[in-house]
Amino acid sequence: MTGFTMSRRGLMVGGVSIAGLSMTGLAACSPKPAAKTGNLSDLTLRVATYRGNPESFFDQAGIQAPPYKLARTQFAGGNLIAEAINARALDFGGMSEIPPIFVADHPGNQVRIVGVLQGDVNNQVVLVPKGSPAQDFKALRGKRIGYVKATTSHYILLRLLEKSGLTWADITPVALSPQDGLAAFQSGALDAWIIYGVIVYQAREAGARVLTTAQGILSGNYLITAAAEALDEQERLKAIGDYVRRYRQVFDWINADGVRWAKIRAAATGVKQAYYEQEFRERSSPSILGPISEAAIASQQAVADTFATAKVIPSAVQVKPLWDDRLTSFLK
């Protein structure tokens, strides 16, 4: 879960479509199938995934098939996962600290944070074009800076402005999706670009320079979430707990061999293996999936406060009610 496309998009469930889903995954994002007999074998767990991310590689990691059915749906971003959970179309999904903040005050919000994946922040960066004279963020006053709205990229921009003594009015912010941002950056339409994931290495290979990484800005906390109603069902809670145990094993497998992980991921996505190998070599920490903690809650609260102060969200949000410790025993 290194980066998420978070532009706001429409979500329609039970009507026509869910924007941002792969066509093959649409069937999985459906009304909740109930266990008929109380046995896990009768239950279908609806899980969100991203293209090329760890939850797609249970088989390659040697994880045994679970005693329940898995319906995986591919999403373009964590905000879409949060919306699908709220639409009661998903049981489980991963995202950054940010999407739950944007749905926290929605009536009947279903998103609950059940675990924390400590991961890389070095693949979230501020890029400047080859030949740029900028040596620090303050040098970008008056410049065109690309970012992805309502994501870690947006948060990094707000924090760097604050740290540099600049305001939103001191720059020309340009909100773009990652792919649109890459095109704009490569065409010279941006003076800097705040972006994440393997696309960073694609841009660097073409000559872009890292002005700064997100070290000291991002916590490195990526969240695993579940639907509140799913957690309230005894059998579905057991299935989610079993799933996160298996999910945790995938990260152990990844951490053990970065080259193997890069090769398998490249084969699945068509992205250069060398990019994935570089990302693994330069990561700030191994990926560790664990239970919720007071420190993680405080970290997300700080993020929420930053967005509220910047008036990106309409009012202050208290995040603690979003956190649910019912999976703690499965993640220790």
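Residues numbered from 1 in each chain as written. Predicted model: local features only at pLDDT ≥ 70, side-chain atom pairs only at ≥ 80, totals over all residues. Heavy atoms only, no water.

A.B. asks: Account for unusual backbone geometry, naming residues and giving values.
C.D. replies: One non-glycine residue, Arg88, lies in positive phi territory at about 60 degrees. Structurally, the position occupied by Arg88 is in the loop between α1 (78-86) and β3 (92-95). Classification of Arg88 by relative accessible area gives partly exposed; the value is 39%. Residue Lys311 is not a glycine yet carries a positive backbone phi of 60 degrees. Relative to the helices and strands, Lys311 resides in the loop between α10 (294-309) and α11 (328-331). (Helix = DSSP H or I, 4+ residues; strand = E, 2+ residues; numbered from the N terminus. Buried < 20%, exposed > 50% of the residue type's maximum accessible area, 1.4 Å probe, protein only.)

A.B. asks: Kindly report on the sheet that holds strand β8 (residues 192-196), identifying the contributing residues and their values.
C.D. replies: One key point about sheets: their strands pair by backbone hydrogen bonds, in either a parallel or an antiparallel sense. Pairing is mixed in the open sheet, where 5 strands are placed in the order β7-β6-β8-β5-β9. Each end of this open sheet is capped by a strand with a single partner; those strands are β7 (172-175) and β9 (209-213). With direction set aside, neighbouring strand axes in the sheet form an average angle of 25 degrees. Pairing of strand β5 (residues 124-128) with β8 involves 4 bridges; the strand directions are antiparallel. Each bridged residue has a counterpart across the sheet, and for Gln124 the counterpart in β8 is Tyr196. (Pairing = 2+ DSSP bridges. Axes fitted to C-alpha atoms, helices over the stretch in contact; angles between N-to-C directions.)

A.B. asks: Break down helix α3 (residues 152-163) for me, citing the residues and quoting the values.
C.D. replies: Its 12 residues place the ends of α3 16 Å apart at the C-alpha level, agreeing with the 16 Å of an ideal helix rising 1.5 Å per residue. Burial runs high along α3: 10 of the 12 residues are buried. Along α3, the positions that sit buried rather than exposed are Thr152, Ser153, His154, Tyr155, Ile156, Leu157, Leu158, Arg159, Leu160 and Leu161. Summarising the contacts, the buried residues of α3 are in contact with β5, β6 (144-147), β8, β9 and α10. Sitting at the head of α3, Thr151 places a side-chain oxygen 3.0 Å from the backbone nitrogen of Ser153. (Expected span 1.5 Å × (residues − 1). Contact = heavy atoms within 4.5 Å. Polar contact = N/O pair within 3.5 Å; in protein donor to acceptor, adjacent residues only side chain to side chain.)

A.B. asks: With reference to specific residues and values, describe the packing of α3 against α10.
C.D. replies: Taken N-terminus to C-terminus, the directions of α3 and α10 make an angle of 70 degrees; their axes are 10 Å apart at the nearest point. In terms of axis orientation, α3 runs roughly perpendicular to α10. Between α3 and α10, the residues in contact are His154, Tyr155, Leu158 and Arg159 and Val303, Thr306 and Phe307, respectively. Within the contact of α3 with α10, the residues separate by chemical class into 4 nonpolar, 2 polar and 1 charged. (Parallel < 35°, antiparallel > 145°, perpendicular 65-115°, else oblique. Nonpolar A, V, L, I, M, F, W, Y, C, P; charged D, E, K, R; others polar.)

A.B. asks: Explain the confidence of the model for the protein residue by residue, including any values.
C.D. replies: Across the protein, the average pLDDT comes to 89, with 89% of residues at 70 or higher. Note on residues 1-28: pLDDT under 50 across the span, and 85 contacts to partners over four residues away in sequence or across chains. (pLDDT = per-residue confidence, 0-100.)

A.B. asks: Residues and numbers for the pattern of salt bridges, please.
C.D. replies: Between side chains of opposite charge, pairing is possible as soon as their charged atoms come close. Going through the model one piece at a time under the given rule, you end up with 15 salt bridges. Residues Glu229 and Arg88 are paired through a salt bridge, measuring 2.9 Å at the closest nitrogen-oxygen approach. Taken together, the positions of Glu229 in helix α6 (residues 228-232) and Arg88 in the loop between α1 and β3 put the pair 141 residues apart, joining distant regions of the chain. Within this structure, Arg46, Asp91, Glu233 and Arg236 form a network of salt bridges that share partners. (Salt bridge = Lys/Arg side-chain N within 4 Å of Asp/Glu carboxyl O.)

A.B. asks: Could you give an account of the packing of aromatic side chains, with specific residues and numbers?
C.D. replies: Tallying each qualifying case throughout the model produces 11 aromatic pairs. Taken together, a centroid distance of 5.2 Å and an interplanar angle of 70 degrees make the contact between Phe92 and Tyr243 edge-to-face. Here Phe92 is found in strand β3, whereas its partner Tyr243 is found in helix α7 (residues 234-256), with 151 residues between them in sequence. Classification of Phe92 as buried rests on a relative accessible area of 3%. Look at Tyr147 and Trp168: their rings are 5.6 Å apart centre to centre, the planes differ by 80 degrees, and that puts the pair in the edge-to-face class. Residue Tyr147 is located in strand β6, and its partner Trp168 is located in the loop between α3 and β7; the two are separated by 21 residues in the primary sequence. With relative accessibility at 7%, the residue Tyr147 sits in the buried group. For Trp168, a relative accessible area of 35% corresponds to the partly exposed category. An aromatic cluster is built from Phe58, Phe92, Tyr243, Tyr247 and Phe251, whose rings are joined through pairwise contacts. Stacked on the ring of Phe58, the Lys or Arg Arg72 has its end atom at 4.7 Å from the ring centre. (Phe/Tyr/Trp six-rings, centres within 6.5 Å; stacked < 30°, edge-to-face > 60°. Lys NZ or Arg CZ within 6 Å of the ring centre and 35° of its normal.)

A.B. asks: Before we move on, could you go through the environment of Lys138 and cite the residues and values that matter?
C.D. replies: Relative to the helices and strands, Lys138 is located in the loop between β5 and β6. Each C-alpha atom of the pair Lys138 and Leu166 lies 7.4 Å from the other, and the pair is 28 residues apart in sequence.

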